[in-house]
Amino acid sequence: MTASLRRRAALGVLGGAMAAPMVVRAQEQWPSRPVRYINPFPAGGATDTLSRLYCQKMSEVTGQQFVVENRGGSGGDVGVDVVAKAAPDGYTIGLGGIASHAISPTLKKGQLTFDPEKDFTFVTNLWWLPNMLVANMDLPAKTVPELIALLKKNPGKYSYASAGNGTTLHLSGELFKQLTGVDMLHVPYRGAAPAMVDLLAGQVHMIFDNIPGALAQYRPGKVRGFAVTSAQRSQAAPDIPALAEFLPGFDIRSWTCLVGPAKLPPAVVERMSAFSKKALESPDLVKAYIELGATAWWSTQQDVTAYRASEEARLAEIIRKAGAKVD
């Protein structure tokens, strides 16, 4: 090797040695510029409001802007695909959850443009909120035991609406049927809003709705509230029992998590998780979430990763038994 080549080789080694600490320092200083947060649902809904509250708090605790970008479509799958294909540097992250990462793997098997497990880094949970079973005021039952007795006495007579096949609202109804043995007619809509309109008009008898929408009709006395679908009562409506109080093991929650592309650097994940913990445990955010029917939920990377996998397996069984098909 000539003297010139030896000098170049030495410079190359030196350059690599200098570059490595610079990369590590950049990761340890995350975020050093604005962060793009992909919300895979349209603007204006509860998910959008909860995401913006989280991002506002993250902007406060990190000193960098967290900018919400709404990329709705296909029940959340379009937006999470954007996250999956982003550079793994921590500057494009987004909202994952039960729809895209626990229901779609079974409901849309072979149709997804991403791998719900391998294409993501799971950082922490963000929040959960239950669905709520409400009925038209003319339904001749006022409690869950009375409702179950009514449905068993009249198989196929009563209907429940949902926001569409394969949604948590639909699966709430199917799990209710599976645990009680009742026969109800499922009427899927394209969204919870039109389903609630028909419930109020008496076109359907019941609906499992996300708790913000259900409470908006329950509090003024327009619908009868029976129970929430989470394993415990909601802080937003502590007077409403949980279905698990009557049906042990009943638990359907619309849970979310913070995800980034696969292979996010561990140093970035650690800082992202620590900042998220500070944001999600801040009293004003906790209070704002409760007012919207949600519960702030920080978890470790290991816990959220394991929880996602367990939810996929659990919900897959409910989906198969129900014979649910994508709209």
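Reference entry: report on the structure contained in this document. Given the structure is predicted, the values throughout are model-derived calculations rather than measurements.

Points about the nonpolar core
Then, in step 1: With 49 residues, the main nonpolar core has Leu147, Phe176 and Met206 as its most contacted residues.
Then, in step 2: The contact partners of phenylalanine 176, leaving out residues within four places of it in the chain, are Leu147, Ile148, Leu151, Val182, Met184, Phe208, Leu243, Leu247 and Phe250.
Then, in step 3: Judged by nonpolar contacts, the second largest core, of 46 residues, contains Tyr91, Val123, Val268 and Leu280.

Brief notes about helix α10 (residues 283-291)
Residues lying three or four places apart along an α-helix face the same way, a consequence of the helix completing one turn every 3.6 residues.
Then, in step 1: Along α10, the positions that sit buried rather than exposed are Leu285, Ala288 and Tyr289. Taken end-on, α10 shows its buried residues confined to a sector of 100°, consistent with a single buried face. In α10, those exposed residues whose orientation departs by more than 90 degrees from the buried face are Pro283, Lys287 and Glu291.
Then, in step 2: Glycine 293, located one to two residues past α10, shows a positive phi value of around 90°.

Quick notes on the packing of aromatic side chains
Then, in step 1: Applying the stated criterion to the full structure yields 10 aromatic pairs.
Then, in step 2: Measuring from centroid to centroid gives 6.4 Å for tryptophan 30 and phenylalanine 275, while their planes differ by 45°, and the two rings are tilted. In this pair, tryptophan 30 is assigned in the loop between α1 (3-28) and β1 (35-39) and phenylalanine 275 in helix α9 (residues 266-280), connecting sequence segments 245 residues apart.
Then, in step 3: Centroid distance phenylalanine 176 to phenylalanine 208: 6.1 Å. Interplanar angle 55°. Geometry classified as tilted. With phenylalanine 176 in helix α6 (residues 168-180) and phenylalanine 208 in strand β7 (residues 206-210), this pair connects stretches of sequence that are 32 residues apart.

What to know about the environment of alanine 141
Then, in step 1: Mapped onto the elements, alanine 141 comes out in the loop between β4 (120-135) and α5 (144-153).
Then, in step 2: Given a relative accessible area of 2%, alanine 141 falls into the buried group.
Then, in step 3: When the C-alpha atoms of alanine 141 and alanine 322 are compared, they prove to be 25 Å apart, with 181 residues separating the residues in sequence.
Then, in step 4: Every residue in contact with alanine 141, bar those within four places of it in the chain, is listed here: Glu146, Leu147, Leu150, Arg224 and Phe226.

Comments concerning the pairing of strand β8 (residues 224-228)
Then, in step 1: Judged by how many residues are buried, β8 sits mostly within the fold: 5 of 5 residues are covered.
Then, in step 2: The sheet contact formed by β4 and β8 spans 4 bridges and is antiparallel. Paired with leucine 133 across the strands is alanine 227, a residue of β8.

Overview of helix α11 (residues 301-322)
Then, in step 1: Along its 22 residues, α11 runs 32 Å from first to last C-alpha, staying within 8% of the 32 Å computed at 1.5 Å per residue.
Then, in step 2: Restricting attention to buried positions, one finds in α11 the residues Val304, Tyr307, Arg308, Glu311, Leu315, Ala316, Ile318 and Ile319.
Then, in step 3: Where α11 is buried, its residues meet α4 (98-107), β4, α6 and β9 (253-261).
Then, in step 4: Looking at the residues trailing α11, positive phi occurs at glycine 323, about 70°.

Digging into the pairing of β7
Then, in step 1: Of all 5 residues that make up β7, 4 are buried, and the element is covered over most of its length.
Then, in step 2: Looking at chain direction, β4 and β7 are connected through 5 bridges and run antiparallel. Pairing of leucine 133 across the sheet is with phenylalanine 208, part of β7.
Then, in step 3: As judged from the 2 bridges shared by strand β5 (residues 159-162) and β7, these two strands associate in the parallel manner. Residue tyrosine 160 lies in a different strand from β7, and its bridge partner there is methionine 206.

Thresholds, definitions, all that
- Residues numbered from 1 in each chain as written.
- Predicted model: local features only at pLDDT ≥ 70, side-chain atom pairs only at ≥ 80, totals over all residues.
- Heavy atoms only, no water.
- Core = buried A, V, L, I, M, F, W, Y, C linked by side-chain atoms within 4.5 Å.
- Buried < 20%, exposed > 50% of the residue type's maximum accessible area, 1.4 Å probe, protein only.
- Contact = heavy atoms within 4.5 Å.
- Helix = DSSP H or I, 4+ residues; strand = E, 2+ residues; numbered from the N terminus.
- Arc of directions from axis to C-beta.
- Phe/Tyr/Trp six-rings, centres within 6.5 Å; stacked < 30°, edge-to-face > 60°.
- Pairing = 2+ DSSP bridges.
- Expected span 1.5 Å × (residues − 1).

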